[in-house]
Amino acid sequence: MRRSLRILPGVFFAFWQFLVSPNLFSQSSTSAPTPSISLPGSQSPFLGSEPAGKATAEVLSIDFKDAIDRGLRYNLGLLLAGDQTLMARGERWKALSDLLPNIQGQILENDQTESLAALGFAKIFKPGVFPVAVPAVIGPFNYFDARASVSQSLFNFKNFEKERASSESLKAAHYTYKDARELVVLAVGNAYLQAIATASRIETAEAQVTNAQALSDKAADQLKAGLTPAIDALRAQVELQTRQQQLIAARNDYDKQKLTFARVIGLPPGQEFVLTEKAPYQSLTALPLDVYLQRAYATRSDYRAALAQVRSAELTRIAATAGHLPSLDFNANYGDIGVTPAHSNGTWQVAGSLTIPIFAGGKTHSDVLEAEGQLKQARSQLGDLRGRIDYEVRASLLDLTSAAQQVEVARSTVDLSEQALAQSQDRFTAGVTDNLEVVQAQEAVASAHESYIQSLYAHNLAKVELARAIGDAENGVRRFLKGNP
């Protein structure tokens, strides 16, 4: 059985370039969708992982760098992006196969009979002789053929453009894989920051329980001494139980945040670990907006992938139009044929064919229309992505500025509320007022600490999002968190 494989003038040079190309073993996809992530409560693959190994008795200490490194190894979104590039590499070879020669060998040994009756040979007429009956079946007879064949296309502009289009799709998928790494950093960074923010809430809640317990004990003692009414003791007890409930909820939230974090970075189920970093705060002096926009358009992998997809769609349209052009093919074979291998003769055949498309029922026209539609979609998506990049950079800078200001205000509010709490406790101890003022002050302290924790989380997350927005999440996150622009 013969299988044709085509090549056009200069294909050997192109094939050599393909072999030495550094992208030969990079994985891509002909339809490389830009991965997306929705961090809160979604089913995004970037919030899952393929856990590695089994849980051990050792308690792992994980800092921010360790978390990102683990995420880049085991995160499900990145693993799936790698699988897509593997399929795209297969598509690239499929397109290239139409340009390369196809060489195959075949050995055929045939032993058969033939029915002459089925072919209509019932009698043989000879001049001056009566018809002579022939046998209905003849044979058996042998047939042997050992042959090597080669086929290739000398000129097929359509296949050449299709191969170029697949090369651009391969580049797009490679950039999509790099963009998936950026999204892994965003997912891991968000999960880590959420976990340490919840840990801060536990510390704050524990301190508030301690204060509420002290207030409750003092109110109980004063009630026994007849110095305060029962309402003060009840109020203090209610405040204590409220703070205890908040502490229980904070601890539960922290345990769940740790489960989410472990899923993102691929820790084995049940593996115990601790997060070694606290919620950091380093002010960041942002660079001008134009600098970040230039970085984003130059380095963001999803934007470069979209550019490559547009180029691929352009080449695909050219390839579809090339369906109107003629093609030139070459076929040759050589082998031994005979009754048996011992009684065979060498034969060969060389053939060239020129195929000129005249009318194919509108197939070429339909291919052109489909390619044109895909090209328009790719250009529209590129334009939308460019606008989205501008929005993400601007929004990240706005969030960063706002969150930095909120951190400063929240920090001052914490100091003021703690001073107010201390004064109200002194007034209550001196008998100037009841403990309602103390309870209200404790509520204000709790609210101030929550605002500070939330603003600190928002500030650090804005840094992570800014690093992602400019396409430098892998390196920029660590730099931004340290306050280096």
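About the thresholds
Residues numbered from 1 in each chain as written. Predicted model: local features only at pLDDT ≥ 70, side-chain atom pairs only at ≥ 80, totals over all residues. Heavy atoms only, no water. Helix = DSSP H or I, 4+ residues; strand = E, 2+ residues; numbered from the N terminus. Buried < 20%, exposed > 50% of the residue type's maximum accessible area, 1.4 Å probe, protein only. Contact = heavy atoms within 4.5 Å. pLDDT = per-residue confidence, 0-100. Phe/Tyr/Trp six-rings, centres within 6.5 Å; stacked < 30°, edge-to-face > 60°. Lys NZ or Arg CZ within 6 Å of the ring centre and 35° of its normal. Expected span 1.5 Å × (residues − 1).

Participant: How should I be thinking about the overall build of the protein chain in this particular structure?
Facilitator: Within the protein chain, the secondary structure is distributed over ten helices and eight strands. Expressed as a percentage of the 485 residues in the protein chain, the buried residues total 40%. Pairs at least 24 apart in sequence give 85% of the contacts found in the protein chain among residues at least 6 apart.

Participant: What is the right way to look at the confidence of the model for the protein chain in this model?
Facilitator: Atomic detail in the predicted coordinates should be set aside for any region of low pLDDT. Predicted confidence across the protein chain gives a mean pLDDT of 86, with 89% of residues reaching 70 or more. Of all secondary-structure elements in the protein chain, the lowest mean pLDDT belongs to helix α1 (residues 11-20), at 34, while helix α7 (residues 301-321) reaches the highest, 96. Low pLDDT, under 50, characterises residues 1-42; the predicted model gives this stretch 120 contacts beyond four residues in sequence or across chains.

Participant: So what exactly am I meant to see when it comes to the packing of aromatic side chains here?
Facilitator: What describes a pair of aromatic rings is the distance from one ring centre to the other and the angle between the planes of the rings. By the definition in use, this model includes four aromatic pairs. Geometrically, the ring pair formed by F64 and Y192 is edge-to-face, given 5.4 Å between the ring centres and 75° between the ring planes. With F64 in helix α2 (residues 64-74) and Y192 in helix α4 (residues 157-224), the pair connects residues that are 128 residues apart, well separated along the chain. For the pair shown, F64 and Y192 are each scored as buried. Between Y297 and Y303, the ring centres sit 5.5 Å apart and the planes meet at 55°, which makes this aromatic pair tilted. Take Y303: its relative accessible area is 8%, and that puts it in the buried class. Three or more aromatic residues joined by ring pairs make a cluster, and in this case those are F64, Y192, F261 and F273. Here the basic side chain of K258 rests over the ring of F273, its NZ or CZ set 4.8 Å away from the ring centre. A cation over a ring is seen here: R386 above Y297, with NZ or CZ 3.9 Å from the ring centre.

Participant: What exactly am I supposed to notice about unusual backbone geometry here?
Facilitator: Outside of glycine, negative phi angles account for most residues, and trans bonds account for most peptide bonds. The omega torsion of the bond from G139 to P140 falls at 5°, within 30 degrees of zero and hence cis. Along the chain, P140 turns up in strand β5 (residues 137-155).

Participant: Where do I start with helix α5 (residues 230-265) in this structure?
Facilitator: Residue pairs spaced three or four apart in an α-helix point in one direction, given the helix's 3.6 residues per turn. Counted at 1.5 Å a residue, the expected span for α5 with its 36 residues is 52 Å, and the 53 Å between its end C-alpha atoms agrees. Immediately downstream of α5, the backbone of G266 shows phi near 85°, a positive value.

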